[in-house]
Amino acid sequence: MAVQLPSIFAERMKSLLGDEFEQFMKSYEQSPHAGLRVNTLKISLEQFKEIAPFDMRPIPWCGTGFYVPHGVKPGLHPYYHAGLYYIQEPSAMAPVELLNVKPGERVLDLCAAPGGKTTQIAAKLQGKGVLVTNDIHAERTKALAKNVELYGVRNAVVLNESPERIANAFPHYFDKVLIDAPCSGEGMFRKDEDMVKSWENHSVEKCVLMQRDILETAAKLLAPGGTIVYSTCTFAPEENEAMIAEFLNINPDFVVNDIPESAGFAPGRPEWVRQILPEKAEETESVLDQTRGTARLWPHLLEGEGHYVAVLQHRAESFAEEDGSQEQGSGLQTGQAVGADFTEPNELVEPFIRVSVPISKEERKRERLMRTESREHDKHTRGGKAQGKQGKGNVRGGRKNERAQGRGTDQANVDPGMVYAQFVQGNLEIELAGETVYYGDRVYQSSVGAARLEGLKVIRPGWFMGTVKNGRFVPSHPLACALNAAEAQRSVNLSSVDGEAVRYLKGETLNIEEARVERQADTAAKGYVLVCVDGFAAGWGKWLDGVLKNEYPAGWRWTSV
């Protein structure tokens, strides 16, 4: 059944597309395309192709992305719960591919929930470098944090902040910045009919105000020579070509990196700005034609929903001329890596910036507008909607817990560092990178460190390792999700086909013979066991006398019949 489009929208698209309009309208008679992206933090592409439980076709613009047939439900398989793939709308995979992330870089995902693009960035970093992922709306960070944890990301920090306050703490820090901007969502009409209903409430004019502020702030976050990828899921030229032209006009040290017209990608349409925004076109005439090098993804030209992507490259020499004293990111050239160690020794010389400063009335107004306008918008417009729903309720105490740095554990006379070190020595076979950070009774490994995060609203300061309780260390589920079997001193493997894995994911206690507990030499079977599904980590269990006590979190459990 064809989607009922708003008449104002249809008339506008007809005036813009001309002869192409009829083909465009026919695309709304087709079903949206379903896709998934293989999580190469946990499994190689070749391995997944061998064990994939359903038919797949490659997505041309994403090497790890695949179309799945209509009717297939990838979320109802144990591999989904083991974090082997992320369910994502195919076009939504394009922005991160164009960001061209390399291991070792510092990357910011500024408008990140529910986390599909964040996990895509993390897979490209391969545990090396820094990933800061943020969403301005607190409720949405629950899904964001859960997806970071489920997909085994070790080097991420999750924030709930406005772009301006992040820029205060991380000036000119990031090699790459992704802006998946809040937008009017016109490109999602076919995928989600609720977007049609809410289109008038998320007007183009309101979205433009948010996008302008976000883009301008992103420039302050970017290291010299860095790259910003700006994307929307709308067709509106005001939010796309006009927005990029305005940014280039104000920031002459940026240029558009042309996106090849391949895989069905169409060029930007600067002529549309001249057609519907003549004053804006005149104001930005010197840079407007650069926007032809941006990309539009059309539902009638490729197998995906409507998107827009622009790659903005900073000219490093212009920064050196203007201000050679600013902190300059990782100092990497494109493709250069710094290795697995998260530490940043050169930065310790300079004092970290505190962000616990008064906010101006203008900043408060902008923050309020961005939070209000994006509250309901994100769940409709981003790929990975299913993951967002499943994340509900799993970031406990978020801001309150994470800002408790320096308070120590609840147990008197307990050295949490010693307790943590003893657990690592007795249960893991791993060298931990980064700084160990203690927030209350929680222990994290952080790629950034606590000092730089002071004053920010932090949801996760790093890889959540576990909690110190009653003098003992209790490992977290995110710790298990990011391990592989060789990194645990004890592991047990469950089959995805005989029902045993599903029983574990439902929270049931399992009878497991001691011989099935694989362990390092001289390690007893008793204790915490990494539970794997066909060899891939899914969570913890505690083994004793033939019984595997289930440690899979209640809020994450398999609820399907």
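Residues numbered from 1 in each chain as written. Predicted model: local features only at pLDDT ≥ 70, side-chain atom pairs only at ≥ 80, totals over all residues. Heavy atoms only, no water.

(A) Spatial organisation of the environment of Ala143. Relative to the helices and strands, Ala143 is located in helix 7 (residues 141-150). Separated by 29 residues in sequence, Ala143 and Pro114 have C-alpha atoms that sit 5.2 Å apart. (Helix = DSSP H or I, 4+ residues; strand = E, 2+ residues; numbered from the N terminus.)

(B) Examining the confidence of the model for the protein more closely. Of all residues in the protein, 83% have pLDDT values of 70 or greater, and the mean over the chain is 86. Segment residues 324-359 is flagged for pLDDT under 50; beyond a separation of four residues in sequence, or across chains, it makes 78 contacts in the model. Between residues 379-410, whose pLDDT stays under 50, and residues either more than four places distant or in other chains, the model counts 85 contacts. (pLDDT = per-residue confidence, 0-100. Contact = heavy atoms within 4.5 Å.)

(C) Fine view of the sheet that holds strand 23 (residues 536-544). An order of 20-24-23-22-19-21 is seen for the six strands of this open sheet, with the pairing classed as mixed. In this open sheet, the two strands that pair with only one neighbour each are strand 20 (510-511) and strand 21 (518-519). Where strand 19 (residues 490-494) lies against strand 21, two bridges are found, and the strand directions are antiparallel. When the bridges of strand 21 are listed, Ser491 appears paired with Glu518. (Pairing = 2+ DSSP bridges.)

(D) Structural context of the sheet that holds strand 14 (residues 435-439). Spatial strand order, 14-15-17-18: four strands in an open sheet with antiparallel pairing. Looking along the sheet, the strands with just one partner apiece sit at the ends: strand 14 and strand 18 (472-475). This sheet shows a mean twist of 30° between the axes of neighbouring strands, independent of strand direction. On top of the sheet, helix 20 (residues 416-427) reaches strand 14, strand 15 (442-446), strand 17 (463-469) and strand 18; it is set at about 55° to strand 18, its chief contact. (Axes fitted to C-alpha atoms, helices over the stretch in contact; angles between N-to-C directions.)

(E) Representation of the packing of aromatic side chains in the model. Per the counting criterion, the structure on display carries 28 aromatic pairs. Taking 6.1 Å as the distance between ring centres and 75° as the angle between the ring planes, the aromatic pair formed by Phe9 and Trp199 counts as edge-to-face. Residue Phe9 is located in helix 1 (residues 7-17), and its partner Trp199 is located in the loop between helix 9 (193-198) and helix 10 (204-221); the two are separated by 190 residues in the primary sequence. Between Phe24 and Phe235 the ring centres are 5.4 Å apart and the planes differ by 80°, which places this aromatic pair in the edge-to-face class. Remark: Phe235 occurs in the loop between strand 9 (222-232) and helix 11 (241-250) and Phe24 occurs in helix 2 (residues 21-26); sequence separation between them is 211 residues. The exposure class assigned to Phe24 is buried, which follows from its relative accessible area of 0%. (Phe/Tyr/Trp six-rings, centres within 6.5 Å; stacked < 30°, edge-to-face > 60°. Buried < 20%, exposed > 50% of the residue type's maximum accessible area, 1.4 Å probe, protein only.)

(F) Quick look at the pairing of strand 17. For strand 17, a buried count of six out of seven residues is recorded, marking the element as mostly surrounded by other parts of the structure. Inspection of the sheet shows strand 17 paired to strand 18 by four bridges, in the antiparallel sense. Across the sheet, Lys469 pairs through a bridge with Arg472, a residue of strand 18. Linking strand 17 back to strand 18 in an antiparallel pair, the connection comprises two residues, with Asn470 at a positive phi of about 50°.

(G) Representation of the nonpolar core. Counting residues in each nonpolar core, the largest one holds 51 residues, and the members touching the most others are Phe170, Ile179 and Ile228. No other element matches the seven residues that helix 10 contributes to this core. When neighbours within four sequence positions are excluded, Ile228 is seen to be in contact with Val177, Ile179, Leu215, Ala218, Ala219, Leu222, Phe247, Phe254, Ala310, Val311 and Leu312. Grouped together as the second largest cluster of nonpolar side chains are 37 residues, Ile43, Tyr80, Tyr86 and Ala538 included. (Core = buried A, V, L, I, M, F, W, Y, C linked by side-chain atoms within 4.5 Å.)

(H) The arrangement of helix 10 in detail. In this model, helix 10 (18 residues) spans 26 Å end to end at C-alpha, consistent with the 26 Å of a helix rising 1.5 Å per residue. If you check which residues of helix 10 are buried, you get Val204, Cys207, Val208, Met210, Gln211, Ile214, Leu215, Thr217, Ala218, Ala219 and Leu221. (Expected span 1.5 Å × (residues − 1).)

(I) Representation of the pattern of salt bridges in the model. Going through the model one piece at a time under the given rule, you end up with 22 salt bridges. Close ionic contact of Arg190 with Glu305 constitutes a salt bridge, the shortest N to O distance being 2.9 Å. Highlighted residues: Arg190 in the loop between strand 8 (174-180) and helix 9 and Glu305 in the loop between strand 12 (295-297) and strand 13 (307-314), separated in sequence by 115 residues. By relative accessible area, Arg190 is classed as buried at 6%. Relative accessible area serves as the criterion here: at 0%, Glu305 is assigned to the buried category. Salt-bridge contacts for Glu246 lead to Arg212; the nearest nitrogen and oxygen are separated by 2.4 Å. Taken together, the residues span a long stretch of sequence, with Glu246 in helix 11 and Arg212 in helix 10 at a distance of 34 residues. (Salt bridge = Lys/Arg side-chain N within 4 Å of Asp/Glu carboxyl O.)

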